[in-house]
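# Structural overview for review
The primary structure of each chain is shown beneath.
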Amino acid sequence: MAQPAPSAKLRQWVTPPPGDAQRGAALYQQHCTACHSVDVSKIGPAHHSVVGRRVGSLAGYKYSDELAALRLRWTPQTLFVWLGEPEDLVAGQRMGFAIENEQERGDLIAYLATLK
């Protein structure tokens with residue numbers, strides 16, 4: 001079986017802490033709305049139904065080639081990595097913002113999961 005190259009970084013999937021969607025909604029307003037909205041793509045893609053959607057697949061939004069080529073879904077685990085450091089999930093992506101606090105990431109993910 002092939003082994004990863006010695007310099008390859010193995011990705012760790014971590015389940016986020018249980019989040020509070022109400023706190024996540026406030027954090028979304030504070031940190032995300034400059035570039036995103038729930039229903040309309042702005043600088044970043046719209047977030048309605050983001051949890052469970054394939055990464056880079058929202059119709060009508062022009063993603064970076066790196067995100068468009070990715071074959072992952074937005075799950076709590078992928079969102080946890082993405083929100084903590086987008087470059088750790090997708091090198092070359094265009095989002096220049098991260099949430100360092102793990103509980104805040106969990107709260108944001110809980111809120112995003114309500115956006116059906």
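This write-up is about the structure you can find in this document. (Residues numbered from 1 in each chain as written. Predicted model: local features only at pLDDT ≥ 70, side-chain atom pairs only at ≥ 80, totals over all residues. Heavy atoms only, no water.)

In total, this model carries three aromatic pairs according to the counting rule given. Seen in terms of ring centroids, Tyr-28 and Tyr-111 are 5.2 Å apart; in terms of plane orientation they differ by 50 degrees. Their pairing is tilted. Here Tyr-111 lies in helix α5 (residues 102–112) and Tyr-28 lies in helix α1 (residues 21–31), a separation of 83 residues in the sequence. Measuring from ring centre to ring centre gives 4.7 Å for Tyr-61 and Tyr-63, while their planes differ by 75 degrees; the resulting arrangement is edge-to-face. For Tyr-61, a relative accessible area of 16% translates into the label buried. You can call Tyr-63 buried: its relative accessible area is 9%. Here the guanidinium or amino end of Arg-105 rests over the ring plane of Phe-80, the centre of that ring lying 4.2 Å away. (Phe/Tyr/Trp six-rings, centres within 6.5 Å; stacked < 30°, edge-to-face > 60°. Helix = DSSP H or I, 4+ residues; strand = E, 2+ residues; numbered from the N terminus. Buried < 20%, exposed > 50% of the residue type's maximum accessible area, 1.4 Å probe, protein only. Lys NZ or Arg CZ within 6 Å of the ring centre and 35° of its normal.)

Take the side chain of Ser-37 next. Following the sequence through the fold, Ser-37 ends up in the loop between α1 and α2 (65–69). Residue contacts for Ser-37: discarding those within four places in its chain leaves Tyr-28, Lys-42, Pro-45, Ala-46 and His-47. (Contact = heavy atoms within 4.5 Å.)

Direction vectors running N to C along α1 and α5 enclose 100 degrees, while the axes themselves pass 7 Å from each other. For the element pair α1 / α5, the angle class is roughly perpendicular. Along the contact surface, α1 presents Ala-21, Arg-23, Gly-24, Ala-25, Leu-27, Tyr-28 and His-31, while α5 presents Gln-103, Glu-104, Asp-107, Leu-108, Ala-110, Tyr-111 and Leu-112. Classifying every residue of the contact of α1 with α5 by side-chain character gives eight nonpolar, three polar and three charged. (Axes fitted to C-alpha atoms, helices over the stretch in contact; angles between N-to-C directions. Parallel < 35°, antiparallel > 145°, perpendicular 65-115°, else oblique. Nonpolar A, V, L, I, M, F, W, Y, C, P; charged D, E, K, R; others polar.)

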